There are 2 protein chains.
Amino acid sequence: MADIGSTTGSDIVAKLEEQVHSGSESAVSTRANSSSRDSTVSSADSHSEAQPTTTNGKRKAEMDFDILAPPYSLSANRTPHQTADLEEVPHGISRQARDLASYSFPVHRLAEVLQDNTMQPLVIVACGSFSPITFLHLRMFEMAIDTIRELNKFEVVGGYYSPVSDNYRKAGLAPANHRVRMCELACERTSSWLMVDAWESLQPTYQRTAVVLDHFNYEINVKRGGIKTKTGERRPAKIMLLAGGDLIESMGDPNVWDDEDLHHILGRYGCLIVERTGSDVRSFLLSHDIMYEHRHNVIVIKQLIYNDISSTKVRLFIRRGMSVQYLLPNSVIRYIEEHGLYVGMSEPVSNVLKF
Amino acid sequence: MADIGSTTGSDIVAKLEEQVHSGSESAVSTRANSSSRDSTVSSADSHSEAQPTTTNGKRKAEMDFDILAPPYSLSANRTPHQTADLEEVPHGISRQARDLASYSFPVHRLAEVLQDNTMQPLVIVACGSFSPITFLHLRMFEMAIDTIRELNKFEVVGGYYSPVSDNYRKAGLAPANHRVRMCELACERTSSWLMVDAWESLQPTYQRTAVVLDHFNYEINVKRGGIKTKTGERRPAKIMLLAGGDLIESMGDPNVWDDEDLHHILGRYGCLIVERTGSDVRSFLLSHDIMYEHRHNVIVIKQLIYNDISSTKVRLFIRRGMSVQYLLPNSVIRYIEEHGLYVGMSEPVSNVLKF
């Protein structure tokens, strides 16, 4: 999740065509093999493709009481498709494009109108590998919402995952399109407000976090002119980076983050830091000159329920054939299985131990 | 989760009629209010009731891309029903009865035939309040499976939650029928092998854990004669109690557990203990005379990913209007919201602090 780049922050210059993009993946749909099941569902979504068409012309997707086939065999009599989880695209969901030419910024869950005129609109952005996304990545946003609500100052109008591109070349990185898709599945299946933006993942070169935040600012505040208030004017949204404690600690290392970038991120935008139980983010903030300077732009989120799920451990478990259920959404686990992700991968032991 | 009773263990004497029970709850189905959605799904399940009937006589359930309406209002334009989660009963699922007269022991996911003739069949039973069930309760079973597989001695043929009855009178206990239903939802929606047994929850008086394990032994090994092997004979299943570290520590307290019960549980059955990171279950085992005597019946499960989700904290968060998403399944959260559970409840601060 740490930023490696060393050149200074700059505004996004790439002009992106705003075009309706079509989903590049067909809905993953497993046909249940039980003869007594004839469940079908007509898809109301206009983005999913390659779905079977019924005689009356309606697109249909086989309903997917889908499997998490356990790694062991529990019984001969058990119907393999029992776990309820849908794989067709829920209504109103836009899937991200797989190339920049057809990319458009996702806004299907971005609030159009601010509910409370006294509040400042806030968009939360999580940068990271998400290889794969876990319940901790999802939970972080929920903790952020609860903390922000207590401040009585911001109204959260959107939340985004921005998976890093393959150019980041970190050990354990699945191809970007898979990581984007896993984030999308997690958002579609489990959340009512989170989205995934593929822009960073589609860039031909590694983009620093400062540049990624500029991209969000450009899309939301420059191109869209911010968020509408109930009285009709538009108000710029504050963009804040949502970060785990490990990312923040890396900010103390001058080899990882450029001072100018830190000023840009913390000064122009801001940071929501999830504090791990036992760690001391506040002392770190006090000791860090740039952080201290921008402390009013830093919100610390206390982790009241400790949880050290890490993508690294999830990958390790998958390599060892161990269960990862209840560490990440079933739909993501199934996607990993279907695409054979992480299985043949090998990672240095040091990678696993430090998490 | 600790056992309070002090009389000695005994076999179950209640003769239970084996009758097909009908689900007593209608499928919870929220109608999406988006006009562009006409998704319907014909239910193939024979247990769900009160579903709308179509003109051609097929029972239908409205598809349930269901809400977790966030506690805050994200946007005006957001369709409220977006999170995918089904509420009709998946195929092959039997819901538990709400009274003893119509009770039958659930076996729909119990393996009928042992896959590996060299193994001993094993049934895992988790006793507790489950008020509400959380991802940690679900994860415990997955950790148990991984640990057991490494031993190369047992084949897991079933996993059960046995929620305690209302007579346990612990603070924070939702009515037993709700706790059973929440466990059922979690199993139906997220697992391919876990089941819920309502027997303990339906008892007119509090039943000690030793008695509950006797009940499982009676149902599986006495009434059903154990598990069939591939060569046709029947082999008794080993019944083991799945327990968190806190339950085990309570076993050191003679005021909580009766010695005779401990001998019965650990000697006749056995225990799978989930060791919390930082705790030292092995030293405890060494120091405890009865545990040490039965140490070959005790399997310690190392918790490789730390997680301190507790039902107590979940209840607290609900009372404070905070998000509990990603701490327990969405279907359970929605059930809690629909039935207004835990909201008006007050619990002593000490209850929360000790977890």
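Notes on the structure follow.

Conventions used here
Residues numbered from 1 in each chain as written. Chains lettered and ligands numbered in written order. Predicted model: local features only at pLDDT ≥ 70, side-chain atom pairs only at ≥ 80, totals over all residues. Heavy atoms only, no water. Helix = DSSP H or I, 4+ residues; strand = E, 2+ residues; numbered from the N terminus. Buried < 20%, exposed > 50% of the residue type's maximum accessible area, 1.4 Å probe, protein only. Contact = heavy atoms within 4.5 Å. Phe/Tyr/Trp six-rings, centres within 6.5 Å; stacked < 30°, edge-to-face > 60°. Lys NZ or Arg CZ within 6 Å of the ring centre and 35° of its normal. Pairing = 2+ DSSP bridges. Axes fitted to C-alpha atoms, helices over the stretch in contact; angles between N-to-C directions. Salt bridge = Lys/Arg side-chain N within 4 Å of Asp/Glu carboxyl O.

Here we come to unusual backbone geometry. The amide bond that connects Ser131 of chain A to the next residue, Pro132 of chain A, takes the cis arrangement and shows omega of 0°. You can see Pro132 of chain A is positioned in the loop between β3 (120–128) and α1 (135–151). Positive phi, normally seen in glycine, also occurs at Phe130 of chain B, with a value near 50°. Turning to its location among the elements, Phe130 of chain B is positioned in the loop between β3 (120–128) and α1 (135–151). Note on Phe130 of chain B: relative accessible area 3%, which makes it buried. With a phi close to 55°, Asn152 of chain B is a non-glycine residue in the positive phi region. Among the secondary structure elements, Asn152 of chain B is positioned in the loop between α1 and β4 (154–163).

Let us look at helix α10 (residues 330–338) of chain B. By the criterion of burial, α10 of chain B is predominantly enclosed, with seven of the nine residues buried. Every buried residue of α10 of chain B is listed here: Asn330, Ser331, Val332, Ile333, Arg334, Tyr335 and Ile336 of chain B. The inward-facing, buried residues of α10 of chain B abut α2 (176–190) of chain A together with α2 (176–190) and α9 (311–319) of chain B. Phi turns positive, to about 60°, at Gly340 of chain B, one or two residues after α10 of chain B.

Summed over the entire model, instances satisfying the criterion amount to 18 aromatic pairs over all chains. Where Phe135 of chain A meets Tyr326 of chain B, the ring centres are 5.9 Å apart and the plane angle is 35°; that geometry is what we call tilted. On the criterion of chain membership, the pair formed by Phe135 of chain A in helix α1 and Tyr326 of chain B in the loop between α9 and α10 is interchain, its members lying in two chains. Between Phe141 of chain A and Tyr161 of chain A, the aromatic rings sit 5.0 Å apart at their centres with planes inclined by 70°, giving edge-to-face as the arrangement. Linking Phe141 of chain A in helix α1 with Tyr161 of chain A in strand β4 (residues 154–163), this pair joins segments that are 20 residues apart in sequence. With relative accessibility at 0%, the residue Tyr161 of chain A sits in the buried group. An aromatic cluster is built from Phe130, Phe141, Tyr161 and Trp193 of chain A, whose rings are joined through pairwise contacts. Positioned above the aromatic ring of Tyr292 of chain A, the side-chain terminus of Arg295 of chain A is 4.0 Å from the ring centre.

Our focus in this paragraph is the pairing of strand β10 (residues 298–302) of chain A. Residues and elements named next belong to chain A. For β10, a buried count of four out of five residues is recorded, marking the element as mostly surrounded by other parts of the structure. With five bridges connecting them, strand β9 (residues 271–275) and β10 associate as parallel partners. Counterpart to Val274 in the pairing with β10 is Ile301.

Attention shifts here to the sheet that holds strand β5 (residues 194–196) of chain A. Residues and elements named next belong to chain A. Pairing is parallel in the open sheet, where six strands are placed in the order β5-β4-β3-β8-β9-β10. Strands at the two margins of the open sheet, each flanked by one partner only, are β5 and β10. Here the strands of the sheet are splayed against their neighbours by 30° on average, with no regard to which way each runs. On top of the sheet, helix α4 (residues 209–223) reaches β3, β4 and β8 (238–244); it is set at about 145° to β8, its chief contact.

Let's shift gears to the pattern of salt bridges. One pass over the structure, following the stated rule, counts 24 salt bridges over all chains. Residue Lys302 of chain B pairs with Glu275 of chain B through a salt bridge whose shortest N-O separation is 3.3 Å. You can see Lys302 of chain B sitting in strand β10 (residues 298–302) and its partner Glu275 of chain B sitting in strand β9 (residues 271–275), a full 27 residues away along the chain. Of the charged contacts in the structure, one is a salt bridge between Arg315 of chain B and Glu347 of chain B, with a shortest N-O distance of 2.6 Å. With Arg315 of chain B in helix α9 and Glu347 of chain B in the loop between α10 and α11 (349–353), this residue pair connects regions lying 32 residues apart in the sequence. Classification of Arg315 of chain B by relative accessible area gives buried; the value is 4%. On the basis of relative accessibility, which here comes to 9%, the residue Glu347 of chain B falls in the buried class. Beyond isolated ion pairs, a larger network of salt bridges with shared partners links Arg95, Arg181, Glu184, Glu188 and Arg189 of chain A.

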